[in-house]
Amino acid sequence: MTTLNSELLIEPEMFRSNISYIKNLINPSSNFMSVIKSDAYGHHLESIVKDIDDLSDGYGVVRADEAIKIRMLSKKKILLMQGVYNDKDYKLARENNFDIVVHNSDQFNLIKKYNNFENLWFKVNTGMNRLGFDIDDFLKIYNEYLTNTKFTLMTHLASSNDPKAISNEKQFSLFESLRSKLHADVSLSIANTGCIMNFPEKSYDWVRCGIGIYGGYLNDTNIKTAMTLRSPIINLRTISKGEGVGYDGRAIADKEMKIASVYLGYADGLPVGIKDGTKVLINGNEAQIFGKVSMDLTTIDVTNLKECSVGDWCEFFSPDLPISNIAKSNDLISYYLMTSIKSRVKKIYKNIN
Ligand SMILES: *Cc1c(COP(=O)(O)O)cnc(C)c1O
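On a predicted model such as this, the values are computed, not experimentally measured, just so you know.

## Overview of empty space enclosed by the protein
- Within this structure, the stated rule accounts for one cavity of 30 Å³ or more.
- Taken as a whole, the largest cavity spans an internal volume of roughly 60 Å³.
- Contributing to the lining of the largest cavity are K123, V124, N125, T126, G127, M128, R130, L131, T155, H156 and Q171.
- Taken together, the residues of the lining of the largest cavity sort by class into three nonpolar, six polar and two charged.

## Quick look at the site of the ligand
- All residues adjacent to the ligand are V35, K37, Y41, M81, H156, N192, T193, R208, C209, G210, I211 and Y335.
- Note that a nitrogen atom of the ligand is positioned 2.9 Å from one of the side-chain N or O atoms of R208.
- Between the ligand and Y335 there is a distance of 2.7 Å, counted from an oxygen atom to a side-chain nitrogen or oxygen.
- Put simply, the ligand lies in the largest pocket.
- Within the residue set of the shell around the ligand, elements represented by two or more residues are α2 (37–42) and β9 (206–209).

## A look at the packing of helix α3 (residues 45–52) against helix α4 (residues 64–73)
- At a closest axis distance of 10 Å, the pairing of α3 and α4 adopts a crossing angle of 40 degrees. By the angle class used here, α3 and α4 are oblique. Judged by the twist between their axes, the crossing of α3 over α4 is right-handed. Contacts between α3 and α4 pair L45, E46, V49 and K50 from the former with E66, K69, I70 and L73 from the latter.

## Notes on the sheet that holds strand β4 (residues 77–80)
- Read around the barrel, eight strands follow the order β2-β3-β4-β5-β6-β7-β8-β9 and close on themselves; strand pairing throughout is parallel. Each strand axis lies, on average, 25 degrees off the axis of its neighbour in the sheet, ignoring direction.
- As paired strands, strand β6 (residues 120–123) and strand β7 (residues 152–154) are joined by three bridges and run parallel to one another. Pairing of K123 across the sheet is with M154, part of β7.

## Some thoughts on helix α7 (residues 135–146)
- Counted at 1.5 Å a residue, the expected span for α7 with its 12 residues is 16 Å, but the 14 Å between its end C-alpha atoms falls short.
- Burial in α7 covers these residues: I135, F138, L139, I141, Y142 and L146. Down the axis of α7, the sector holding all buried residues measures 165 degrees, keeping them to one side. The exposed residues of α7 that point more than 90 degrees off its buried face are D136, K140, N143 and E144.
- In this structure, the buried residues of α7 make contact with α6 (105–114), β6, β7 and α8 (166–179).

## So, the layout of surface pockets
- Computed from the structure, the largest pocket encloses a volume of approximately 580 Å³.
- Taken together, 27 residues make up the lining of the largest pocket; nearest its centre are K37, Y41, R130, H156 and N192.
- Residue assignment for the lining of the largest pocket shows that the elements contributing at least two residues are α2 and β9.
- Counting residues per element, the lining of the largest pocket draws most heavily on α2, at three residues.
- Grouping the constituent residues of the lining of the largest pocket by class yields 12 nonpolar, nine polar and six charged.
- Empty space within the second largest pocket amounts to approximately 240 Å³.
- Lining the second largest pocket are 13 residues, and of these N161, G216, L218, I333 and S334 sit closest to its centre.
- Broken down by secondary-structure element, the contributors of at least two residues to the lining of the second largest pocket are α11 (323–329) and α12 (334–338).
- Counting residues per element, the lining of the second largest pocket draws most heavily on α11, at three residues.

Parameters at a glance
- Residues numbered from 1 in each chain as written.
- Predicted model: local features only at pLDDT ≥ 70, side-chain atom pairs only at ≥ 80, totals over all residues.
- Heavy atoms only, no water.
- 1 Å grid on protein atoms, 1.4 Å probe; cavity = no way out; pocket = protein on both sides within 12 Å on 5 of 7 lines; lining within 4 Å.
- Points joined across faces, edges and corners; volume = space filled by probe spheres on them.
- Nonpolar A, V, L, I, M, F, W, Y, C, P; charged D, E, K, R; others polar.
- Near = heavy atom within 4 Å.
- Polar contact = N/O pair within 3.5 Å; in protein donor to acceptor, adjacent residues only side chain to side chain.
- Sits in = over half its atoms within 2 Å of the grid points.
- Helix = DSSP H or I, 4+ residues; strand = E, 2+ residues; numbered from the N terminus.
- Axes fitted to C-alpha atoms, helices over the stretch in contact; angles between N-to-C directions.
- Parallel < 35°, antiparallel > 145°, perpendicular 65-115°, else oblique.
- Left-handed = near helix turned anticlockwise from the far one by under 90°.
- Contact = heavy atoms within 4.5 Å.
- Pairing = 2+ DSSP bridges.
- Expected span 1.5 Å × (residues − 1).
- Buried < 20%, exposed > 50% of the residue type's maximum accessible area, 1.4 Å probe, protein only.
- Arc of directions from axis to C-beta.

Printed below as a string of structure tokens:
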């Protein structure tokens, strides 16, 4: 048995500085919704609420159990971003003063049954084609039920990370043309992180910011990765030219090499498909993954590292090694890496200094 472990360090100072930075980009009058679904993208929901409550105007989640945990800690607005699907959840949402997204007619029928039109967010489909009313269907509902009701109109962009994607302009123009047909008291919300960064003028009444808080946004180095995934080196060996490393001998030495085996594998949440050459940090120096990730081990080419010993930490991502790098070089997304970390990894949530 061993008490060695891989670790996930979470640094709330990073959330705070990321939020402050992002808030400076948006219209000062828009409200900032911290999207903390999926256990705050793997960062521990309850801790983060305590540490960012003063910076947040509200929270966005999907699951009711997460919304309830937040309600115990915060009086701020809490939005169920996919709404409710049955009477039990509807009542629970009302009892806890959650805002509710309504994205289709089944959900609207549930709302009508209780005849309570407060704190609703109507989601319209402007091109994502997952959830949301088609514009004409929404207008029918609006004209029949909502002409004197305050609500928020929302939609979601399909390609917010790509400022050149023409779908963005199409989605904005559908949204804005719909808005021109509604009364002036309707609030508007379209921006996730990518939209905030690329189209800050579209911040409207509410931005819904997730990945930017955690530092998984690719194109701005002011935003720092808040989690460090690290694990110790447990073995070092030298191999000769022509030898293979790990399963299937995927990586083959083109010279004499030094190989470190690190105590972390796909059972910790590092995807099995991670490619050779992916960067890691050991004692602040770059090294590369070399060989297929195994269940409990990952092999690293440390040939060029001067200082490297058994027991040294190998960092897979951290504030100094953006998670978006490993995501991008492996055709993954940082959202996926953050939410893939397994429970056997020791989570250490640091205190705010
Ligand atoms: C998850 C989610 C967001 C946050 O998106 P990021 O890209 O992480 O900023 C915003 N809006 C909705 C509806 C979401 O589900």
